[in-house]
Amino acid sequence: QWNISSISKALVSELKHTIGTDKVLLGISGGVDSAVSALLLHKAIGKQLHCMFIDTGLLRKYEANFIVSQLSALNIQIHHVNAQNAFLKPLQGVTEPNKKRKIIGNIFIRTFKKESKKWHRRITWLAQGTIYSDVIESAGNHSTAHIIKPHHNLRFRLIEPIRDLFKDEVRTLGRELGLLPSIIQQHPFPGPGLAIRIIGKITPLYLRILREADTIFIEELKKENLYHTVDQAFAVFLPLQSVGVTGDQRRYAYTIALRAVQTKDYMTAQWAPLEYPFLQTVSRRITNEIPEVTRVVYDISSKPPATIEWE
Ligand code: XMP
């Protein structure tokens, strides 16, 4: 019988047995998998666990501080690396989506290596929040949460505490371990982050506008209890400037696209039929609160033929 508290106990004791008195380094992505791995490891080995969170500058508003403060509050040691410049500089002027992904992946590994050297002599194990679906679909999985493969030559031994669990089991385990529901139930967020939600080149201005718009959309979804009726929702920044009017002034400003989908497996997806009054509220807030945006559109394409992300 599938009993979460006995599974949790078994995983913890197995980790204790494997790791002994060694030290472990775990990369935290902000997602549920690495957070649950952190809690399990912390339960098993306490202060022998060192976590690292890399702020790529491509995260959503509040995201970095939120996860870092959550884990710190649970007495988990977490090293917050501010690597925004390391990511944003090489991305300057890059417009091609897969080039963006490649650059981000490479810098992520480089940053992780560089930072982990600080503890290198003391750390034996590298832990990753790989789950079962990552194992079986590893070809299709491109999350930066677990791209540090052994072949990257970090000279660590690899440990994957939740490798045998399905996503819903990871969530149940997270609940059992006392993880906040807002982390457990959050929508997936792609490894390359906001970089693939800004069409074309990435600039600090575009990032700021997108962050604000995305925060408003998610805030309203939560406020109206709609967040859990969709499986992924976010804003996309379009560098397209169209004409708008404020008072009696005509001016050109940017466009925000809202995307919300319902899906079981993310391989196919339907656009979510959010109600017009709700969309109206979101649109009004975005154009009122972000002067650089005069136009908000709702994406009514399903997958296929569209993808969930715009890049
Ligand atoms: P698409 O856009 O392919 O997205 O329909 C399907 C799911 O995958 C996520 N996604 C990514 N996740 N790195 C990731 O870690 C990526 O490069 C990437 N591209 C898409 C997307 O958010 C959705 O959940």
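Model, not experiment: these values are computed from the prediction.

Thresholds, definitions, all that
- Residues numbered from 1 in each chain as written.
- Predicted model: local features only at pLDDT ≥ 70, side-chain atom pairs only at ≥ 80, totals over all residues.
- Helix = DSSP H or I, 4+ residues; strand = E, 2+ residues; numbered from the N terminus.
- Rg over C-alpha atoms; globule rule 2.2 N^0.38 Å.
- Buried ≥ 20, exposed ≤ 12 C-beta atoms within 10 Å, placed from the backbone.
- Contact = placed C-beta atoms within 7 Å.
- Expected span 1.5 Å × (residues − 1).
- Arc of directions from axis to C-beta.
- Core = buried A, V, L, I, M, F, W, Y, C linked by C-beta atoms within 7 Å.
- Domains from an automatic or database assignment.
- Pairing = 2+ DSSP bridges.
- UniProt positions renumbered as here; feature names shortened; annotations may be inferred.
- Axes fitted to C-alpha atoms, helices over the stretch in contact; angles between N-to-C directions.

## A word on the overall build of the chain
Each helix and strand counted, the chain has 10 helices and nine strands in total. Taking 2.2 N^0.38 as the reference for a compact globule, 311 residues should give roughly 19 Å; the C-alpha atoms of the chain span a radius of gyration of 20 Å, in line with that estimate. With respect to the three principal axes, the spread of C-alpha positions in the chain is 70 × 45 × 35 Å. When each of the 311 residues of the chain is scored for burial, the buried share is 35%. Taking all contacts inside the chain whose residues are at least 6 apart in sequence as the whole, residues at least 24 apart take part in 75%.

## Looking at helix α1 (residues 4-19)
Across its 16 residues, α1 extends 22 Å between first and last C-alpha, which sits within 8% of the 22 Å expected from 1.5 Å per residue. For α1, the complete set of buried residues consists of Leu11, Leu15 and Ile19. Within α1, the buried residues cover an arc of 45° as seen down the axis, which keeps them to one side. Away from the buried face of α1 by more than 90 degrees, exposed residues Ser5, Ser6, Ala10, Ser13 and His17 are located. Contact partners of the buried residues in α1: β1 (24-28), α2 (32-45) and β4 (125-127). Phi turns positive, to about 60°, at Gly20, one or two residues after α1.

## Section: the nonpolar core
Ranked by internal contacts, the top residues of the largest apolar core, which has 76 residues, are Val24, Leu26, Val36, Ala38, Leu41, Leu210 and Ala213. Considering every element that reaches this core, the biggest residue donor is α2, with nine residues. In terms of domain composition, this core takes at least three residues from each of domain 1 (4-184) and domain 2 (198-298). Other than its neighbours up to four places away in sequence, Leu210 contacts Leu194, Arg197, Ile198, Ala235 and Phe237.

## Things to note about the pairing of strand β7 (residues 249-262)
Put simply, side chains in a regular strand alternate between the two faces of the sheet. Direction of pairing for strand β6 (residues 232-246) relative to β7: antiparallel, over a ladder of 12 bridges. Across the sheet, Ala233 pairs through a bridge with Ala260, a residue of β7. Where β6 hands over to β7, the hairpin turn is made up of two residues, of which Gly247 adopts a positive phi near 60°. Both β7 and strand β9 (residues 293-298) contribute to a ladder of five bridges, which runs parallel. Residue pairing in the sheet places Ile256 in a bridge with Val296 of β9. Two elements, β7 and strand β8 (residues 270-271), share two bridges in a ladder whose sense is antiparallel.

## What to know about the UniProt feature "binding site: ATP" (unreviewed entry) in the chain
The UniProt record annotates "binding site: ATP" (unreviewed entry) at Ser29, Gly30, Gly31, Val32, Asp33, Ser34 and Ala35. Among the secondary structure elements, Asp33 is positioned in helix α2. Counting through the fold element by element, Ser34 comes out in helix α2.

## Quick notes on the sheet that holds strand β3 (residues 78-82)
Spatially, β3-β2-β1-β4-β5 is the arrangement adopted by the five strands of the open sheet, whose pairing is parallel. Sheet topology places β3 and β5 (157-159) at the edges, where each strand pairs with a single neighbour. The average undirected angle you get between the axes of adjacent strands in this sheet is 25°. Where β4 meets β5, three bridges bridge the pair, whose relative direction is parallel. Bridged to Trp125 within β5 is Arg157. Each of β1, β2 (49-55) and β4 is contacted by α2, which is oriented at about 155° to β1, the strand it contacts most.

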